[in-house]
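Survey of secondary and tertiary structure
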Amino acid sequence: MHTEKNIHNTSRLNRKPEKSLSEGNFSQRFDICGMGNPLVDILVYVDDAFLLNHGLHKGVMHLIDWERREYLLEQVRGKEITMEAGGSCPNTLTALGLLGVRSALMGKVGDDDLGRVFEEKIAARNVHSFLRKCKEKTGTSIILITPDKERTMNTHLSACRKYGEDDLPLEVIDGSRFFYFTGYMWDTETQKTAVKKAIQRAKKSGLQIIFDSADPFAAERYREDFLDLIRESVDIVVANAQEAQILTGGKIEDGVKKLGEHTRIAVVKNGAENTHIFSEGMYINVPSFHTDVKDTTGAGDAFSAGFIYGLIKGHSLQVCGKIASFVASKTIEKLGAQVPDDIHSILLQMLKTGAEL
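The following refers to the structure shown. Keep in mind that this is a model prediction, so the values were computed, not measured. (Residues numbered from 1 in each chain as written. Predicted model: local features only at pLDDT ≥ 70, side-chain atom pairs only at ≥ 80, totals over all residues. Heavy atoms only, no water.)

Focus: the environment of Asp174
We count it as follows: Put simply, DSSP H or I for four residues or longer makes a helix, DSSP E for two residues or longer makes a strand, and each gets a number counted from the N terminus. Here a polar contact is taken to be a pair of N or O atoms separated by no more than 3.5 Å, where protein atoms must pair a possible hydrogen donor with a possible acceptor and residues adjacent in sequence count only if both atoms sit in side chains.
Positionally, Asp174 belongs in helix α5 (residues 170-174). In the structure, Asp174 is positioned 24 residues away from Ala198 in sequence and 9.9 Å away in space, judged by C-alpha atoms. At 2.7 Å, the side chain of Asp174 and the side chain of Arg201 are in polar contact. Here Ser205 takes part through its side chain, which lies 2.7 Å from a polar atom of the side chain of Asp174.

Regarding the pattern of salt bridges
Where charged atoms from two side chains of opposite charge approach closely, those side chains can pair. We apply this condition: What counts as a salt bridge is simple: a side-chain nitrogen of Lys or Arg found within 4 Å of a carboxyl oxygen of Asp or Glu. Each residue gets one of three labels from its accessible area relative to the maximum for its type: buried under 20%, exposed over 50%, partly exposed in between, using a 1.4 Å probe on protein chains only.
In total, this model carries 23 salt bridges according to the counting rule given. For Glu74, the salt bridge goes to Arg77, with nearest N and O atoms at 2.9 Å. Overall, Glu74 belongs to the partly exposed group, its relative accessible area being 43%. On the basis of relative accessibility, which here comes to 60%, the residue Arg77 falls in the exposed class. With its nearest N and O atoms 2.7 Å apart, the salt bridge here joins Lys133 to Glu119. With Lys133 in strand β6 (residues 127-134) and Glu119 in helix α4 (residues 113-124), this residue pair connects regions lying 14 residues apart in the sequence. Judged by its relative accessible area of 41%, Lys133 falls in the partly exposed class. If you follow the salt bridges from partner to partner, you end up with Asp31, Arg102 and Arg177 in one network.

Notes on helix α12 (residues 317-331)
Stated formally: Here the expected length of a helix is defined as 1.5 Å per residue gap, with one fewer gap than residues.
Spanning 15 residues, α12 covers 21 Å between terminal C-alpha atoms, matching the ideal 21 Å at 1.5 Å per step. Taking burial as the measure, the 15 residues of α12 include 13 buried ones, the bulk of the element.

A closer look at the nonpolar core
Where we set the bar: Put simply, buried Ala, Val, Leu, Ile, Met, Phe, Trp, Tyr and Cys residues joined by side-chain atoms within 4.5 Å make one nonpolar core.
Core analysis: the largest hydrophobic core is formed by 47 residues, its most contacted members being Ile32, Leu96, Leu105, Ile265, Ile277, Phe307 and Leu317. Counting residues in hydrophobic clusters, the runner-up holds 41 residues, among them Cys33, Ala202, Ile209 and Tyr222.

Quick word on helix α6 (residues 189-204)
Definition in use: What the arc covers is the set of directions going from the helix axis to the C-beta atoms.
With 16 residues, α6 should cover 22 Å at 1.5 Å per step; its first-to-last C-alpha distance of 23 Å lies within 8% of that length. If you check which residues of α6 are buried, you get Gln191, Lys192, Ala194, Val195, Ala198, Ile199 and Ala202. All buried residues of α6 fall inside an arc of 160 degrees around its axis, so they share one side. Opposite its buried face, α6 presents the exposed residues Glu189, Gln200 and Lys204, each directed more than 90 degrees away.

Considerations on unusual backbone geometry
Leaving glycine out, the prevailing phi sign among residues is negative, and the prevailing peptide bond configuration is trans. Despite not being glycine, Asn126 has its phi angle at roughly 70 degrees, a positive value. Summarising the element assignment, Asn126 is placed in the loop between α4 and β6. Looking at Asn126, the relative accessible area reads 44%, which means it is partly exposed. With a phi close to 80 degrees, Ala214 is a non-glycine residue in the positive phi region. Within the secondary structure, Ala214 sits in the loop between β10 (208-212) and α7 (216-221).

Comments concerning the packing of helix α3 (residues 88-98) against helix α11 (residues 299-312)
When two helices pack together, their arrangement is given by the angle between the helix axes and the distance between those axes. Cut-off, in case you're wondering: Angles shown run from 0 to 180 degrees and are taken between the N-to-C directions of axes, each axis being a line fitted to C-alpha atoms and, for helices, limited to the stretch in contact. Geometric relationships in this document are graded by angle, where less than 35 degrees denotes roughly parallel, more than 145 denotes roughly antiparallel, 65 to 115 denotes roughly perpendicular, and other angles denote oblique. Crossings are assigned a handedness: left-handed for a near helix turned anticlockwise from the far helix by less than a right angle, right-handed for a clockwise turn. By the convention used here, residues are in contact when the closest approach between their heavy atoms is within 4.5 Å. When residue character is reported, Ala, Val, Leu, Ile, Met, Phe, Trp, Tyr, Cys and Pro are called nonpolar, Asp, Glu, Lys and Arg charged, and the others, Gly included, polar.
Relative to each other, α3 and α11 sit at 45 degrees, their axes nearing to 8 Å. Classified by the interaxial angle, the pair formed by α3 and α11 is oblique. Remark: the crossing between α3 and α11 carries right-handed chirality. Listed contacts from α11 to Ser88, Asn91, Thr92, Ala95 and Leu96 of α3 are Asp301, Ser304, Ala305, Ile308 and Tyr309. Residue composition of the contact of α3 with α11, by class: 5 nonpolar, 4 polar and 1 charged.

Focus: the sheet that holds strand β13 (residues 275-279)
Basically, it comes down to this: Should DSSP find at least two bridges between two strands, the strands are regarded as paired.
Pairing in this open sheet of 9 strands is mixed, and the strands run β6-β5-β1-β9-β10-β11-β12-β13-β14 from one edge to the other. The sheet is open, and its two edges are formed by β6 and β14 (282-286), each paired on a single side. Looking at each pair of strands side by side, their axes are set apart by 20 degrees on average, direction ignored. Sheet topology places strand β11 (residues 236-240) next to strand β12 (residues 265-269); 5 bridges connect them, and they run parallel. Across the sheet, the residue bridging to Ile236 is Ile265, located in β12. The strands touched by α11 within the sheet are β1 (30-35), β9 (176-182), β10, β11, β12 and β13, with β12 carrying the most contacts at an inclination of about 145 degrees.

See below:
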């Protein structure tokens, strides 16, 4: 009979060597650094007919050009709009920042008002910015929320696309314990090249590498690339049920086991349903927290943050899964992709009382 192991007892997850961080007067050590698309989210409530009339597939991320961006903004003119710092990896890191985890973000924004607002917002959530700036405009994502609380994203990457390997702050990677990135990095060649170099540096410096496949369409577009990554470079892989099925051809339980054959830890999230984890031959099924849903934007990002928080704090995989579900549940109770500002105290109280753990 398998017994669950604390992951910090394994040599692979403790391969980080001690080293000086004096390079370039850099002295801050981070728990995690991540590379992603710094986007300003534009959130709007619409009905299903709006999606149908504009040829949009519900619940997925559409990459759009500037003309399409302007067209959609014109179509939602007059509706109530909320703006927030977004992007999948940035959402995860800001959640971690609010959870008290030392976090650093890499990416590129425009030298414009939206870029400055983005940096101010992540700084307020305890994330250290290593964002580069360029002449392109800051990227945006028009997030359309339907009555069933599902979100449909329309993303114009803009400045994000310009992030390249020469932009990498290598000392930040060297000074971290975990490196985190998502499948969205494969949407541009420059970002893909940058993340591959970051992975090489992270492996050399002994970091644990966490990959979130991020989106079913991305998993479908880059299936072979993602599978190669998982087999060769990734310690921890996170996917949702649909992405896992695309990558492995199997349903949830079979899919998480297939992913786990090639990584230290595989996690498959499944919305309001149970979380599935596979590690070193051990399968774990974790019940989810249920709540009143207002907006599912950022739920997966918050889930990843909760799971990573659990890993960093040395919790068992069972508890990591519970924390992930709890953090995600608190995020979908409100509008927008960001976790509540008081998420750390709420989580600590839950852990203290042992509620549903």
